[in-house]
Amino acid sequence: MPLEKSSYLSDTWKDGLFKNKVVFCTGGAGTICSAQVRALVHLGANACIVGRNVEKTEKAARDIATARAGAKVLGIGAVDVRSLESLQGAVERCVSELGAIDYVIAGAAGNFLASINQISVNAFKSVMEIDVQGSYNTLKATIPHLIESAQKHRVDSTSLKPSPTGTGGRIIFVSATLHYTGTPFQAHVSVAKAGIDALSNSVALEFGPLGVTSNVIAPGPIASTEGLDRLLPSDKLDKIKRSQPLGRFGSVRDIADATVYLFADTGSYVSGQILVVDGASWRISSAGIGSSDYPDFLLSGDTFENVKGKKKAKL
Ligand code: HXC
């Protein structure tokens, strides 16, 4: 059964906007990235999503394909962004089966709540490798195709007319806002996401002359996502929600709409930017993440309760 469009895309965009375009997305079976891809597919794109879990990735691809009759969505499992070779294999398959890569979403990420004392050297390294190295590997594996697409669909620099074949050559890195103020129990992810932001800025500078745009989307607390399950205790959700500046969490549709904006003509002169989609949440500091009873909780050595992926604290 196709999902109700209003759950992943607003009515603002015209159908066919991304006709004949292909998006390649890491972490594409995840809650946020699958909504981003589903929105693009609804608007005409074909897609290739990759992930570590074969069954989950293939199932998500079949599900996303229901967004538009005739859509082609490849789901390639057993792809770990920590391995350039596995990504390159997926990229090759994507291009040979779908014809090109016009857009990339680097969305694969790893997260859990843990203090600096609690996290092992290997756990810190795992998050850095998934988030930072994984984003870099994704870029490395796809950039030749992004350059090709950018050249094909370039805005005319004299007339400023958009290409009649639409846009291409765009990458979005999915980051976070955790490192803007600093967030307890999120040192590993804060370091990683700061690195991703820096990477995107460098991509904008180095590949801008070839027509490629690079931007970051930084989601705030987005309802019903893996990130929220891992970071906010389920028994405190209502209270934290009420304390948000807009009185609600974001929806995956908010992130999908931002993605469409950046990939469509509306984003043609937007590059090297971080688009924060968080309803001003980070301005109230940490958005409740890890802040319950801070610092008493940190000093107690207790276990995080009611979050996914919890582990006993180590002091
Ligand atoms: C401390 C932990 C831990 C925890 C795992 N580890 N969970 N340490 N607290 N809760 C440690 C393990 O003990 C191990 O270290 C090391 O991390 C690697 O874990 P493994 O399970 O061996 O394997 P790996 O596949 O590398 O694990 C990756 C992972 C895992 C990131 C650690 O959590 C994972 O696969 N997560 C799924 C994806 C995910 O997290 N998605 C959510 C993204 S949300 P040792 O020393 O024992 O070997 C997101 C939101 C951003 O990014 C912010 C939004 C606001």
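Residues numbered from 1 in each chain as written. Predicted model: local features only at pLDDT ≥ 70, side-chain atom pairs only at ≥ 80, totals over all residues. Heavy atoms only, no water.

Going by the annotation in an unreviewed UniProt entry, the name recorded for the chain is 2,4-dienoyl-CoA reductase [(3E)-enoyl-CoA-producing], with Aspergillus mulundensis given as the source organism.

## Regarding the overall build of the chain
When helices and strands are tallied, the chain shows 10 helices and seven strands. On C-alpha atoms alone, the chain measures out to a radius of gyration of 19 Å, which is about the 20 Å that the 2.2 N^0.38 rule sets for 315 residues. For the chain, the spread of C-alpha atoms along the principal axes amounts to about 60 × 40 × 40 Å. For the chain, with 315 residues in total, the buried portion stands at 50%. Pairs at least 24 apart in sequence give 76% of the contacts found in the chain among residues at least 6 apart. Where the 33 positive side-chain charges of the chain centre and where its 29 negative ones centre are 1 Å apart. (Helix = DSSP H or I, 4+ residues; strand = E, 2+ residues; numbered from the N terminus. Rg over C-alpha atoms; globule rule 2.2 N^0.38 Å. Buried < 20%, exposed > 50% of the residue type's maximum accessible area, 1.4 Å probe, protein only. Contact = heavy atoms within 4.5 Å. Lys, Arg positive; Asp, Glu negative; His and termini not counted. Charge placed at Lys NZ, Arg CZ, Asp CG, Glu CD.)

## A short note on the pairing of strand 2 (residues 46–50)
Most of strand 2 sits out of view: five of its five residues are buried. Here strand 2 shows no split at all, with Asn46, Cys48 and Val50 on one side and Ala47 and Ile49 on the other all buried. Alignment of strand 1 (residues 22–26) against strand 2, held across five bridges, turns out to be parallel. Within the sheet, the bridge partner assigned to Thr26 lies in strand 2 and is Val50. Taken together, strand 1, helix 1 (residues 31–42) and strand 2 form a β-α-β motif whose crossover is right-handed. Strand direction decides the pairing type here: strand 2 and strand 3 (residues 73–76), joined by four bridges, are parallel. Paired with Ala47 across the bridge in strand 3 is Val73. (Pairing = 2+ DSSP bridges. Right-handed = clockwise from strand over helix to strand, strands pointing away.)

## Thoughts on unusual backbone geometry
In this structure, Phe185 is a non-glycine residue whose phi angle is positive, near 65°. Here Phe185 shows up in the loop between helix 5 (178–181) and helix 6 (187–207). With phi around 55°, Ser224 is a residue other than glycine that occupies positive phi space. Tracing the backbone through its elements, the reader meets Ser224 in the loop between strand 6 (213–219) and helix 7 (226–231).

## Let's talk about the pattern of salt bridges
A complete count under the given rule lists nine salt bridges for this structure. In this structure, the salt-bridge partner of Glu129 is Lys125, at a minimum N-O distance of 3.6 Å. One end of the pair, Glu129, and the other, Lys125, are both in helix 4 (residues 121–152), four residues apart, so they sit about a helical turn from each other. Looking at Lys125, the relative accessible area reads 45%, which means it is partly exposed. The residue Arg230 makes a salt bridge to Glu226 at a minimum N-O spacing of 2.7 Å. Here Arg230 and its partner Glu226 are both found in helix 7, four residues apart, which amounts to about one turn of the helix. Classification of Arg230 as partly exposed rests on a relative accessible area of 22%. (Salt bridge = Lys/Arg side-chain N within 4 Å of Asp/Glu carboxyl O.)

## Overview of the side chain of Ser86
Among the structural elements, Ser86 can be located in helix 3 (residues 84–98). Only 3.1 Å separates the side chain of Ser86 from the backbone oxygen of Asp80, close enough to count as a polar contact. Those residues in contact with Ser86 that sit more than four places away from it in its chain are Ala78, Val79 and Asp80. (Polar contact = N/O pair within 3.5 Å; in protein donor to acceptor, adjacent residues only side chain to side chain.)

## Thoughts on the nonpolar core
Within soluble globular proteins, side chains that are nonpolar generally end up buried alongside one another. If you look at the biggest cluster of nonpolar residues, it comprises 39 residues, and the most contacted ones within it are Phe18, Val37, Leu40, Val41, Ile105 and Val260. Residues contacting Val37, with those up to four places away along its chain left out, are Val23, Cys25, Ala47, Ile49, Ile64 and Ile105. (Core = buried A, V, L, I, M, F, W, Y, C linked by side-chain atoms within 4.5 Å.)

## A few points about helix 2 (residues 54–65)
Because an α-helix completes one turn every 3.6 residues, residues spaced three or four positions apart along the sequence face the same direction. Compared with an ideal rise of 1.5 Å per residue, which puts 12 residues at 16 Å, helix 2 spans 17 Å between its outermost C-alpha atoms and is within 8% of the ideal. Buried residues in helix 2 make contact with helix 1, strand 2 and strand 3. Where helix 2 begins, the side chain of Asn53 points an oxygen toward the backbone nitrogen of Glu55, at a separation of 3.1 Å. (Expected span 1.5 Å × (residues − 1).)

## Some remarks on the sheet that holds strand 7 (residues 273–277)
Sheet strands line up and pair through hydrogen bonds in the backbone, either parallel or antiparallel. As summarised here, the arrangement of the seven strands in space is 3-2-1-4-5-6-7, forming an open sheet in which the pairing is parallel. A single partner strand is all that each edge strand has here, and the edge strands are strand 3 and strand 7. Strand-to-strand, the axes of this sheet are offset by a mean angle of 15°, without reference to chain direction. Packed onto the sheet, helix 1 meets strand 1, strand 2, strand 3, strand 4 (103–106), strand 5 (170–174) and strand 6 and runs at close to 175° relative to strand 1. (Axes fitted to C-alpha atoms, helices over the stretch in contact; angles between N-to-C directions.)

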